[in-house]
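Spelled out from the first residue to the last, the chains are:
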Amino acid sequence: RRTMVDRLKESSHVHPSFYIAPRTSRHIQCGTTVRYIDMLAGRKYRDGILRCVSNIDTKGVETSDAYKAGFYPKERLKNFEVTVPYSALVPRNLDNVIIAGKAYSISSDALSMARMQKDLFALGIAAVEAVNFSLQHNSALSQVLVQNLQARLQEIGVLSEQDVSEDDTGFNNELS
């Protein structure tokens, strides 16, 4: 019986059963793209599966149009929060694909604040749970009932009840 390693040695065109995406795969169009303004505003989404918390990493925002236009916080060390929606993991034009890690649908300037290791770890857990629901119900990833996924993520401690709300644009934070 040939192993995956044997097949890879035989042909450079055989891909392993996993795929590690470059950061630019964030450009895959998903149902929702989290933006820098969403991060500053503390936005919540109805289909939220994770609440990311981080301060601003200036290396990621120096090319941001919003940042250049003056949308930046008064306190540089303040932690900001944003809810990552399930729809930011599900591509519009790719069937049964889920995107996690730094490759999820988020703008480059927002990723500088929503890319902490614990958040990306939790995002991976959310992706695995979504795949599990998809397999259990023999449905596409785009058809996963987000309420059930949210309940499971709350049960295992990835998501809190306060993180789930109707769509909320935020804008309770002070900007310069």
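Criteria and thresholds
Residues numbered from 1 in each chain as written. Predicted model: local features only at pLDDT ≥ 70, side-chain atom pairs only at ≥ 80, totals over all residues. Heavy atoms only, no water. Helix = DSSP H or I, 4+ residues; strand = E, 2+ residues; numbered from the N terminus. Buried < 20%, exposed > 50% of the residue type's maximum accessible area, 1.4 Å probe, protein only. Contact = heavy atoms within 4.5 Å. Areas by Shrake-Rupley, 256 points an atom, 1.4 Å probe, with all protein chains shown as cover. Axes fitted to C-alpha atoms, helices over the stretch in contact; angles between N-to-C directions. Parallel < 35°, antiparallel > 145°, perpendicular 65-115°, else oblique. Left-handed = near helix turned anticlockwise from the far one by under 90°. Nonpolar A, V, L, I, M, F, W, Y, C, P; charged D, E, K, R; others polar. Pairing = 2+ DSSP bridges. Core = buried A, V, L, I, M, F, W, Y, C linked by side-chain atoms within 4.5 Å. Polar contact = N/O pair within 3.5 Å; in protein donor to acceptor, adjacent residues only side chain to side chain. Salt bridge = Lys/Arg side-chain N within 4 Å of Asp/Glu carboxyl O.

Visitor: Could you give an account of the overall build of the protein chain, with specific residues and numbers?
Guide: The helix and strand inventory of the protein chain stands at seven helices and two strands. Sorting the 176 residues of the protein chain into buried and exposed places 40% on the buried side. Put simply, of all contacts in the protein chain between residues at least 6 apart along the chain, 74% involve residues at least 24 apart. When the accessible surface of the protein chain is summed, it comes to about 10500 Å², and 50% of that surface belongs to carbon and sulfur atoms.

Visitor: Hey, could you go over the packing of helix α6 (residues 117-136) against helix α7 (residues 146-155) for me, with residue numbers and the actual values?
Guide: A pair of packed helices is captured by two measures, namely the crossing angle of their axes and the spacing between those axes. Relative to each other, α6 and α7 sit at 130°, their axes nearing to 10 Å. As judged from the angle between their axes, α6 and α7 are oblique. Judged by the sense of rotation from one axis to the other, the crossing of α6 with α7 is right-handed. In this structure, α6 contributes Ala126, Glu129, Ala130 and Phe133 to the contact, and α7 contributes Asn148, Leu149, Arg152 and Leu153. Its residues placed into classes, the contact of α6 with α7 shows five nonpolar, one polar and two charged.

Visitor: Run through unusual backbone geometry, naming residues and quoting values.
Guide: Positive phi, normally seen in glycine, also occurs at asparagine 96, with a value near 55°. Following the sequence through the fold, asparagine 96 ends up in the loop between β2 (80-85) and α5 (108-111). Accessibility expressed as a relative area gives 51% for asparagine 96, which makes it exposed. With a phi close to 50°, asparagine 138 is a non-glycine residue in the positive phi region. Checked against the element boundaries, asparagine 138 lands in the loop between α6 and α7. Asparagine 138 gets classed as exposed once you look at its relative accessible area, which sits at 74%.

Visitor: Residues and numbers for the pairing of strand β1 (residues 48-54), please.
Guide: Counting buried positions along β1 gives six out of seven residues, so the element sits mostly inside the fold. Both β1 and β2 contribute to a ladder of six bridges, which runs antiparallel. Counterpart to leucine 50 in the pairing with β2 is valine 84.

Visitor: Give me the nonpolar core: which residues, what numbers.
Guide: Counting 36 residues, the largest nonpolar core has Ile49, Tyr86 and Tyr104 as the members making the most contacts within it. For this core, the elements supplying multiple residues, two or more each, are α2 (36-41), β1, β2, α5, α6 and α7. If you tally residues by element for this core, the top one is α6, at seven residues.

Visitor: Tell me about the side chain of arginine 51, and please be specific about residues and values.
Guide: Looking at the element boundaries, arginine 51 is found in strand β1. Among the residues examined, arginine 51 registers a relative accessible area of 12% and is labelled buried. A polar side-chain atom of arginine 51 sits 2.8 Å from the main-chain carbonyl oxygen of arginine 43. With near-sequence residues (within four places) excluded, arginine 51 lies in contact with Gly42, Arg43, Lys44, Glu81, Val82, Thr83, Asp119 and Asp163.

Visitor: A description of the side chain of aspartate 163 should follow, citing residues and the corresponding values.
Guide: Relative to the helices and strands, aspartate 163 is located in the segment after α7. Setting aside residues no more than four positions away along its own chain, aspartate 163 makes contact with Lys44, Arg51 and Thr83.

Visitor: Residue-level account of the pattern of salt bridges, with values.
Guide: Per the stated rule, a full pass over the model turns up five salt bridges. Linking aspartate 119 and lysine 118 is a salt bridge whose minimum nitrogen-to-oxygen distance equals 3.1 Å. Among the salt bridges present, the one from glutamate 155 reaches arginine 152, with a minimum N-O distance of 2.7 Å. Within this pair, glutamate 155 and its partner arginine 152 are both found in helix α7, separated by three residues, close to a single helical turn. Counted as one network, the salt bridges with shared partners bring together Glu129, Arg152 and Glu155.

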